[in-house]
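# Chains, contacts and geometry: an overview
The chain contents come next:
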Amino acid sequence: VADIDPLRPAPAPVPAKMPLSELIGVMGDRRASMLPVLGDDGKVREMVTLKTLRSIQDNSTICTQLIVADATIPAVSARRTDSLQKVLESLARADCEELLVLDEIDEVIGVVGHADVARLALRDAIRQKSERD
């Protein structure tokens, strides 16, 4: 993950008690595929994904009665020292597009996703080709 430099900034976390109907607007405004969720203890331990929201949004009656905490999944995360293979495995296992990157004290320092890994692989392939030529 350290090879992805700079990391994309993480979106600002949303409170777990935010009404889900409000979150839908926030997620659209931020154009994010996931948002970190701030727990009562001030830590990010969960996240909400666009995929989850889409499945809930289909039932608008239920959507108006829920809060963000009702739609979260455990935060999928990596560290700067993790391999990109581990990142891809975590993304596949969680079936999400992005994950949070945490520092040594579990603070969110950025996000990484499929597109970041692909850009890095392309950059390396171009560099290797130019070194051969």
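These figures come from a predicted structure and were not determined experimentally.

### What about the side chain of Thr 72?
Following the sequence through the fold, Thr 72 ends up in the loop between helix H3 (60-63) and strand S4 (73-74). At a separation of 3.3 Å, a polar atom in the side chain of Thr 72 contacts the main-chain carbonyl oxygen of Ala 69. Excluding anything up to four places from it in sequence, Thr 72 contacts Val 37, Glu 46 and Met 47.

### Some remarks on helix H5 (residues 114-132)
The first and last C-alpha atoms of H5 sit 27 Å apart over 19 residues, in line with the 27 Å expected at 1.5 Å per residue. Within the sequence span of H5, burial applies to Asp 116, Val 117 and Leu 120. Buried positions in H5, seen along its axis, are confined to an arc of 100° and lie on one side of it. Residues Leu 122, Ile 126 and Arg 132 are exposed on H5 and point more than 90 degrees away from its buried face. Contacts from the buried residues of H5 go to helix H4 (84-94) and strand S7 (108-113).

### What about the pattern of salt bridges?
Counted under the stated rule, the structure contains 11 salt bridges. When the shortest N-O distance is used, the salt bridge between Asp 40 and Lys 17 registers 3.9 Å. Note that Asp 40 is positioned in the loop between strand S2 (34-38) and strand S3 (44-49) and Lys 17 in the loop between strand S1 (14-15) and helix H1 (20-30), a separation of 23 residues in sequence. Here Asp 40 matches Lys 17 in class, with each residue exposed. What you see here is one network of salt bridges that share partners, running through Arg 8, Glu 98, Asp 116 and Arg 119.

### Some points on the sheet that holds strand S5 (residues 77-79)
Pairing is mixed across the open sheet formed by three strands, whose spatial order is S5-S6-S7. Of all the strands in the sheet, just S5 and S7 have a single pairing partner and so form its edges. Put simply, the sheet's adjacent strands are angled 35° from each other on average, direction ignored. As paired strands, strand S6 (residues 98-102) and S7 are joined by five bridges and run antiparallel to one another. Considered in S7, the bridge of Val 101 is made with Gly 110. Across the face of the sheet, H4 comes into contact with S5, S6 and S7 while running at roughly 130° to S6.

### Focus on the pairing of S6
In terms of burial, S6 is a largely internal element, five of the five residues being buried. Judged from the three bridges that link them, S5 and S6 form a sheet pairing that is parallel. Bridging across to S6, Ala 78 finds its partner in Val 101.

The rules behind these values
Residues numbered from 1 in each chain as written. Predicted model: local features only at pLDDT ≥ 70, side-chain atom pairs only at ≥ 80, totals over all residues. Heavy atoms only, no water. Helix = DSSP H or I, 4+ residues; strand = E, 2+ residues; numbered from the N terminus. Polar contact = N/O pair within 3.5 Å; in protein donor to acceptor, adjacent residues only side chain to side chain. Contact = heavy atoms within 4.5 Å. Expected span 1.5 Å × (residues − 1). Buried < 20%, exposed > 50% of the residue type's maximum accessible area, 1.4 Å probe, protein only. Arc of directions from axis to C-beta. Salt bridge = Lys/Arg side-chain N within 4 Å of Asp/Glu carboxyl O. Pairing = 2+ DSSP bridges. Axes fitted to C-alpha atoms, helices over the stretch in contact; angles between N-to-C directions.

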